[in-house]
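Each chain, letter by letter, is given below.
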Amino acid sequence: MDDSKIPSALLGGRIRRAPENFLDGAAIGEVSKGRRDVLRASFAAAIAGIAAATRPAAAASDGDPDILELPPWSTSLGLPVAAVPYGMPSKYERNLIRRQSPGLTQVAGSSVAFAPLQGSFGIITPSGLHFERHHQGWQDIDPKRHRFMINGSAPGMVKTPLVFTMDDLMRLPSVSRMYFIECGANTGMEWGNVAVPTVQYTHGMLSCSEFTGVPLRLLLEMAGADLKRGKFVLAEGADGSSMTRTIPIDLVMSGEVLVAYGQNGEMLRPENGYPLRLVVPGVQGVSWVKWLRRVELGDKPYAAKDEAVHYVDLMPDGTHRQYTSIQECKSVITTPSGGQTLVDKGFFNVSGLAWSGRGKIRKVDVSFDGGKSWQEAKLQAPVQSKCLTRFTLNWNWNGERAILQSRATDETGFVQPNYRQLRAVRGTRSIYHNNAIQSWLVEPSGEISNVQVA
Ligand SMILES: Nc1nc2c(c(=O)[nH]1)N[C@H]1C(S)=C(S)[C@@H](COP(=O)(O)O)O[C@H]1N2
Ligand SMILES: [Mo]
């Protein structure tokens, strides 16, 4: 179905998948029948609104008070400017929040909060909804007392070890770029076919921001790095988790790795590493060291605990694969998705996200029959390297059982695998780096759940 065949009333984007219209990520078991009926009713009202828009006279004669009577907000004085010095979401959007997975053990200080992908638009994650992953809680560090050091692993590896204050860093030339960050464990529970209920819990360790910072390459050059001997850097955080990760120097010299202080036009949020974090585009989240206090140049990988023991891939032959850092090409349909309910058959604009740690997304195909047939989705501009890309496809649901899938291809030609293809290479006992095609089952009742098809 192309845009020219859509009734003009629909082109204005009047279907809004807001939390009040769609179940917003609560576990299915938590949703009472009554709540579902409310959702269905409110969506039916939204659909009716579209029909009404094409026949305004008929709608008015229905006696809808929201058309015929002036609401209080049209007849009263509004709140003054700066009533809220830092703007907050509408009280009607209270359901769009980060959540901890009911299926994961919750350890104080060492856990995950997932981003609500099902209610997000476009490609940028609002800073307050960015996912969180802390190995030992988060800190709100006094930027005046924060120091960032560059040193070498051996004498002469850098000519002059340097220590920067935040003021020192922020007077240097900076760049601002949009990149996704995905935890290597994102979608990890699906290896065991756990089928957690919503896209928030399957894919919500994923976010995308505009980051601002100084290229690490520049700081290494300032320190007089010996790039003939220096082949890797070690990044170290200032929190209590002893978070250190090895990063190959080629990535750093590409200029993409940033020592970042900015996120979406303001300083980083404390949960995301304020006042300084490493941005390592395309690489799994754990390498994006938060509360960054030191970078060391060395000649070999450091085999730190979070790369030698954790964040390794158990392969079918029983060996562990280390240093798999690039997040391969992946995508997911975010609306409609698990836990939501389609309230009626008919038109839906299907929408989702695609990304690749190797560059730009070239195309996304969508299937409504569990991968038997595919249609090419539309990619929304901008399509940027190592950034989320939003795709959409128009769908006329006939009210029958359907299985929705998306399959992304990146600019290297890599095609996102299905579970059979992924397991053939990676086995069945892994945790990290699951980039398989996600399936959402739509029942004739309109209810949507997470399923795995071979
Ligand atoms: N210092 C430090 N850096 C860290 C972590 C941490 O616990 N401490 N967690 C890592 C992990 S595992 C991930 S996935 C990302 C999460 O970043 P976010 O909390 O900003 O989403 O930060 C990484 N950087
Ligand atoms: Mo992570």
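As a reminder, the structure under discussion sits directly above these lines.
Residues numbered from 1 in each chain as written. Chains lettered and ligands numbered in written order. Predicted model: local features only at pLDDT ≥ 70, side-chain atom pairs only at ≥ 80, totals over all residues. Heavy atoms only, no water.

Undergrad: Just checking my understanding: could you explain the overall build of the protein for this structure?
TA: The helix and strand inventory of the protein stands at 10 helices and 23 strands. Looking at the protein as a whole, 51% of its 454 residues are labelled buried. Intrachain contacts of the protein at a sequence separation of at least 6 include 72% that bridge at least 24 residues. When the accessible surface of the protein is totalled, it reaches about 20600 Å², and 55% of it is carbon and sulfur. (Helix = DSSP H or I, 4+ residues; strand = E, 2+ residues; numbered from the N terminus. Buried < 20%, exposed > 50% of the residue type's maximum accessible area, 1.4 Å probe, protein only. Contact = heavy atoms within 4.5 Å. Areas by Shrake-Rupley, 256 points an atom, 1.4 Å probe, with all protein chains shown as cover.)

Undergrad: Whenever I open this one, the environment of Asp226 confuses me. Can you help?
TA: Structurally, the position occupied by Asp226 is in the loop between helix H7 (216-222) and strand E7 (232-237). Taking the C-alpha atoms as reference points, Asp226 and Gly152, separated by 74 residues in sequence, lie 9.0 Å from one another.

Undergrad: Any chance you could explain the nonpolar core here in plain terms?
TA: Burial of nonpolar side chains together is a common tendency in soluble globular proteins. In terms of nonpolar packing, the biggest core is built from 85 residues, with Phe148, Leu216, Leu219 and Trp395 touching the most fellow members. Ranked by residue count, the leading element in this core is strand E16 (residues 346-355), at 5 residues. Three or more residues apiece are contributed to this core by two domains, here domain 1 (133-321) and domain 2 (330-451). Residues within four places of Trp395 in sequence aside, it is in contact with Leu342, Gly346, Phe347, Phe348, Val350, Phe368, Ala402, Leu404 and Val442. (Core = buried A, V, L, I, M, F, W, Y, C linked by side-chain atoms within 4.5 Å. Domains from an automatic or database assignment.)

Undergrad: I'm lost on the site of ligand 1 in this one. Help?
TA: Inspection of the region around ligand 1 gives 22 residues, with Phe131, His135, Asp239, Asn272 and Lys290 positioned closest. Side-chain polar atom of His130 to an oxygen atom of ligand 1: 3.3 Å apart, as the coordinates give it. Taking Trp288, its main chain carries an N or O atom lying 3.2 Å from a nitrogen atom of ligand 1. Considered on its own, ligand 1 offers 530 Å² of accessible surface; in the complex 100% of this is hidden by protein. Given that more than half its atoms are within 2 Å of the pocket grid, ligand 1 belongs to the largest cavity. Residue contributions to the shell around ligand 1 peak at 3 residues, all from strand E2 (residues 132-134). When its residues are assigned to classes, the shell around ligand 1 shows 9 nonpolar, 7 polar and 6 charged. (Near = heavy atom within 4 Å. Polar contact = N/O pair within 3.5 Å; in protein donor to acceptor, adjacent residues only side chain to side chain. 1 Å grid on protein atoms, 1.4 Å probe; cavity = no way out; pocket = protein on both sides within 12 Å on 5 of 7 lines; lining within 4 Å. Sits in = over half its atoms within 2 Å of the grid points. Nonpolar A, V, L, I, M, F, W, Y, C, P; charged D, E, K, R; others polar.)

Undergrad: Where do I start with the pattern of salt bridges in this structure?
TA: Opposite charge on two side chains permits them to pair, given that their charged atoms come into close proximity. One pass over the structure, following the stated rule, counts 18 salt bridges. For the salt bridge of Glu236 with Arg293, the shortest nitrogen-to-oxygen distance reads 2.9 Å. Residue Glu236 is found in strand E7, and its partner Arg293 is found in strand E12 (residues 292-298); the two are separated by 57 residues along the sequence. According to the relative accessible area criterion, Arg293 is partly exposed, its value standing at 37%. In this structure, Lys386 and Glu256 form a salt bridge, with 2.8 Å as the shortest nitrogen-oxygen distance. A residue pair is termed long-range when its members are at least 10 positions apart, and Lys386 in the loop between strand E19 (378-379) and strand E20 (389-397) and Glu256 in the loop between helix H8 (249-253) and strand E9 (258-263) qualify at 130 residues. Glu256 shares its class with Lys386; the two are buried. Here the residues in one salt-bridge network are Glu236, Arg293, Arg294 and Glu296, joined through shared partners. (Salt bridge = Lys/Arg side-chain N within 4 Å of Asp/Glu carboxyl O.)

Undergrad: How do you make sense of a negative patch on the surface when you look at a structure like this?
TA: Together, Asp62, Asp64, Asp66 and Glu69 give the surface a local cluster of negative charge. When you line up the elements, Glu69 lands in the loop between helix H4 (65-68) and strand E1 (111-113). Accessibility expressed as a relative area gives 52% for Glu69, which makes it exposed. (Patch = residues over 30% accessible without salt bridge, like charges linked within 9 Å, V, L, I, M, F, W, Y side chains within 5 Å. Lys, Arg positive; Asp, Glu negative; His and termini not counted. Charge placed at Lys NZ, Arg CZ, Asp CG, Glu CD.)

Undergrad: Would you explain the side chain of Asn434 in this entry?
TA: Looking at where Asn434 falls in the secondary structure, it is placed in the loop between helix H10 (419-426) and strand E22 (439-442). In terms of polar contacts, Asn434 uses its side chain to reach the side chain of Tyr419, at 3.0 Å. Not counting the four nearest positions on each side in its chain, Asn434 is found in contact with Asn186, Thr187, Glu190, Trp191, Lys330, Tyr419 and Leu422.

Undergrad: In this structure, what is going on with the sheet that holds E20? I would like to understand it.
TA: Here 4 strands make up an open sheet; going across it, the order is E15-E16-E20-E19 and the pairing antiparallel. A strand with exactly one partner marks an edge of an open sheet, and here the two such strands are strand E15 (330-335) and E19. With 5 bridges connecting them, E15 and E16 associate as antiparallel partners. Across the sheet, the residue bridging to Val332 is Leu353, located in E16. (Pairing = 2+ DSSP bridges.)

Undergrad: Would you explain H10 in this entry?
TA: Note on helix geometry: an α-helix contains 3.6 residues per turn, so any two residues three or four positions apart are oriented the same way. Taken as a whole, H10 has its buried residues at Tyr419, Leu422 and Arg426. The arc enclosing the buried residues of H10, seen along the axis, measures out at 65 degrees, which places them on a common side. Exposed residues pointing more than 90 degrees away from the buried face of H10 are listed as Arg420, Ala424 and Val425. Each element contacted by the buried residues of H10 is listed here: strand E13 (313-314) and strand E14 (320-321). Just past H10, the residue Gly427 takes up positive phi, approximately 80 degrees. (Arc of directions from axis to C-beta.)

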